[in-house]
Amino acid sequence: MTVHIGRALRTRRSLAGAAAALTLALLGTLAPTATAGAADTGPPGAGPPGAAPSGAEDGDPGPPTGSGPQEPLAERGTLSPGQRAAAAQAFPGPGAPAPAGDYALAAGSDLSGRVAALDAALPKQGVQDLLAQANRTLETGGSCPDPFGRGDPVSGTNPALKPPVATVERYCFEQDDSVTTEWIPQAVTGVSDAQEDEAWGAATRTVLTGWYDNSNPGRENGCTSGENDACNEKGVRVTFIDPAARAYRHVLLVWPYYNSYDNISFDAVHASESPMQNGIHAGGMVWYGNYLYVADTFNGIRVFDMRYIMDLNPDQDASVDDRTPDGLRSNVRDNRQVGRQNSVWYSYGYRYVMPQVATWQLSSTQYNSGSSSACADTGAPRISYLSLDRTGTDQLVAGEYCAPTSGLPSLGRTGSWPVAELERRSGPVAANTSYFLPVHQVQGVARQDGTWYFNQSHRYSNGSVWRARITGGRLTRTGGELRTAVGPEDLYAEHGRATGRAPRLWSVSEHAENTADTSCAASGNTPCGRVLYAHSLSTLQAAP
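Residues numbered from 1 in each chain as written. Predicted model: local features only at pLDDT ≥ 70, side-chain atom pairs only at ≥ 80, totals over all residues. Heavy atoms only, no water.

### Some thoughts on the overall build of the chain
What counts here: The secondary structure listing takes helices from DSSP runs of H or I that are at least 4 residues long and strands from runs of E that are at least 2 residues long, numbered from the N terminus. The classification of residues rests on relative accessible area computed with a 1.4 Å probe and restricted to protein chains. Under 20% of the type maximum is buried, over 50% is exposed, and intermediate values are partly exposed. Only the protein chains shown count as cover for residues, and the accessible areas themselves come from Shrake-Rupley with a 1.4 Å probe.
Check the secondary structure of the chain and you find 8 helices and 36 strands. When burial is assessed residue by residue, the chain has 58% of its 544 residues classed as buried. Total accessible area on the chain stands at roughly 19,000 Å², and carbon and sulfur atoms take up 51% of it.

### Describing the side chain of Ser178
This is how it is decided: What makes two residues a contact is simply this: any of their non-hydrogen atoms within 4.5 Å.
Tracing the backbone shows Ser178 in helix H5 (residues 175-179). Excluding its chain neighbours within four sequence positions, the residues that come into contact with Ser178 are Phe173, Ala512, Glu513 and Arg530.

### Regarding the pairing of strand S16 (residues 285-288)
Worth spelling out the cut-off: Paired strands are those between which DSSP finds at least two bridges.
Of the two faces of S16, the one lined by Met285 and Trp287 and the one lined by Val286 and Tyr288 are each fully buried. Inspection of the sheet shows S16 paired to strand S17 (residues 291-296) by 4 bridges, in the antiparallel sense. In the strand pairing of S17, Tyr288 is matched with Tyr291. If you look at the hairpin formed by S16 and S17, you'll find 2 residues sitting between the two strands, and Gly289 has a positive phi there, around 60°.

### Re the sheet that holds strand S33 (residues 474-486)
We apply this condition: Whenever a helix is involved, its axis is fitted only over the stretch in contact; in every case the axis is a line through C-alpha atoms, and angles between N-to-C directions fall within 0 to 180 degrees.
One open sheet holds the 4 strands; their spatial order is S30-S31-S32-S33, and the pairing between them is antiparallel. Each end of this open sheet is capped by a strand with a single partner; those strands are strand S30 (442-448) and S33. Adjacent strand axes in the sheet meet at a mean angle of 20°, parallel and antiparallel pairs treated alike. Taken together, the 6 bridges between strand S31 (residues 451-458) and strand S32 (residues 461-471) define a ladder with antiparallel strand orientation. If you follow Trp452 over to S32, its bridge partner there is Ala468.

### Here's the deal with the sheet that holds strand S22 (residues 338-341)
The mixed open sheet is built from 4 strands, whose spatial order is S20-S21-S23-S22. With one partner strand each, in any of the chains shown, strand S20 (322-323) and S22 form the two edges of the open sheet. Where S20 and strand S21 (residues 329-331) come together, 2 bridges link them in antiparallel fashion. Pairing of Arg323 across the sheet is with Arg329, part of S21.

### Some points on the environment of Gly399
Structurally, Gly399 is set in strand S26 (residues 395-399). Note on Gly399: relative accessible area 0%, which makes it buried. Sequence separation between Gly399 and Ala446 is 47 residues; the distance between their C-alpha atoms is 10.0 Å. Not counting residues up to four positions away in its chain, the partners in contact with Gly399 are Tyr103, Arg382, Ile383, Ser384, Tyr385, Arg413 and Thr414.

### Here we look at the state of the cysteines
Heads up, the rule is: Cysteine sulfurs are considered disulfide-paired once they come within 2.5 Å of each other.
Scanning all chains against the criterion turns up 3 disulfides. The side chain of Cys144 participates in a disulfide bridge whose partner is Cys172; the two sulfur atoms lie 2.2 Å from each other. Handedness of the Cys144-Cys172 disulfide follows from its S-S torsion of about -85°: it is left-handed. With Cys144 in the loop between strand S7 (139-140) and strand S8 (152-153) and Cys172 in strand S10 (residues 169-172), this pair connects stretches of sequence that are 28 residues apart. Note on accessibility: Cys144 and Cys172 belong to one class, buried. The side chain of Cys520 participates in a disulfide bridge whose partner is Cys528; the two sulfur atoms lie 1.2 Å from each other. Judged by the sign of its S-S torsion, about 130°, the bond between Cys520 and Cys528 is right-handed. Cys528 shares its class with Cys520; the two are buried.

### Focus on the confidence of the model for the chain
Here is the rule: pLDDT is defined as a per-residue confidence score from the predictor, taking values between 0 and 100.
In this model, the chain carries a mean pLDDT of 86, and residues with pLDDT of at least 70 account for 85%. Confidence drops under a pLDDT of 50 for residues 2-57, and excluding neighbours within four residues, the segment shows 132 contacts in the predicted structure.

### Quick word on the pattern of salt bridges
Spelled out, the test is: In what follows, salt bridge is the name for a side-chain nitrogen of Lys or Arg lying within 4 Å of a carboxyl oxygen of Asp or Glu.
In the structure shown here, the tally under the stated rule is 24 salt bridges. Of the charged contacts in the structure, one is a salt bridge between Asp311 and Arg351, with a shortest N-O distance of 2.9 Å. On the criterion of sequence distance, the pair formed by Asp311 in strand S19 (residues 309-311) and Arg351 in the loop between strand S23 (344-347) and strand S24 (352-362) is long-range, its members being 40 residues apart. In terms of burial, Asp311 and Arg351 fall into one category: buried. Where Glu494 meets Arg501, a salt bridge forms, and the shortest distance between an N and an O atom there is 2.7 Å. Sharing partners across several salt bridges, the network here consists of Arg136, Glu174, Asp176, Asp177 and Arg237.

Okay, here's the thing in structure tokens:
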């Protein structure tokens, strides 16, 4: 990730219980600072969530109020210096079992009623048609930058270069997406996550990437006349990619709400909770069935529904406003407005928007601070990245990005939940088990057939892939370090059991090429570049 401020599985219960008991004994009572608000609440004056708006007018007399706070926040807490020292003393070390209770989730906002109201107001489009009408070209080969390079020196005392592991697929985006500083790619998932048979209709190789708005996260006062459209907080966009057709299309994620005139509308997804986090970092996501699960670092997981991708330009002629089912019109030329404004629908210039339908909120108190990448080893974890494990019972796997310090020595934790429990969208969901990570600065995790794969970042040097398995009740590294791209992010495992394709481990590199930092220059051993890439799982498994 560009700025790291906002960023498992059988175990022995006796070990986990002992670790939990020791931590609690040393910490004593932890003091939460605030309690999350009630689920499914809207901004002041908003219509009743999930119900038809009362007293709705034919139009909006003026610009309506914004969507306000979008989610009840996970409970916040602080640790005193003494409690932090006690937690550091209780840290059981890399790979040790961690209390699974810290990963517990509770159902948050159920926005299905609001999404139904949007569905009545706007046309929608399916994933297959969206891909068929993809408007951007996916590049490959010599057209793409090379974020792998020749490799870094083996060590500070050994100048020999250690080359990165080979890729089996590598793609890049159009030039404006490759060099933009407004949008930074983070998350990766695909149709192998979505369906066991790895097909979504005729689409059998679809990959999705998630990007967060880096230009202006957290700002709520909109654009002034002298600013370009990057002044808006646009939140998160998801890119639907067809590698076979070399084509892709962006979709803006949105939050549905009733505006101050009781009309259904939407806003870009955001979380203004400075200094905890500004905006949604979307460091990981998983497409599973109809749903897209997106990481919300300090709060939990946001859920979007693939069946409700709204199309604001169905005639594919952006020069003319389209009539919408609610009798209004939509405009995709104006990239400075979003939602329903003065009886016109806007989407920051994007043709497609996908509304949030539900939330899973972390139940434990959140002791992590957004001003530091060091992590508390107790309480709610950060949700820095997500992946899916389809070996056995389908599990959603999460983990933390952490840069430890002497006072906060945790390397981060990883935990998982049964996806079937998340699909019901009600009540609490317990994690299976969790472990402390065996390495730090992890940007992505994937778990397949009992092996964990971790992407570790080193700023503008080659990243690392590490492998681990449960050995003696601990998550233990197996084999050595494998070098990968500069700036590696989230991981997605394409298992290939249905298609016969060799299994792949996908990721995306975040840094744009030609950065001003000389350590990332194109002439160096480890140049930067923003690419979507895959390693062969068999190659990773066979490496020493």
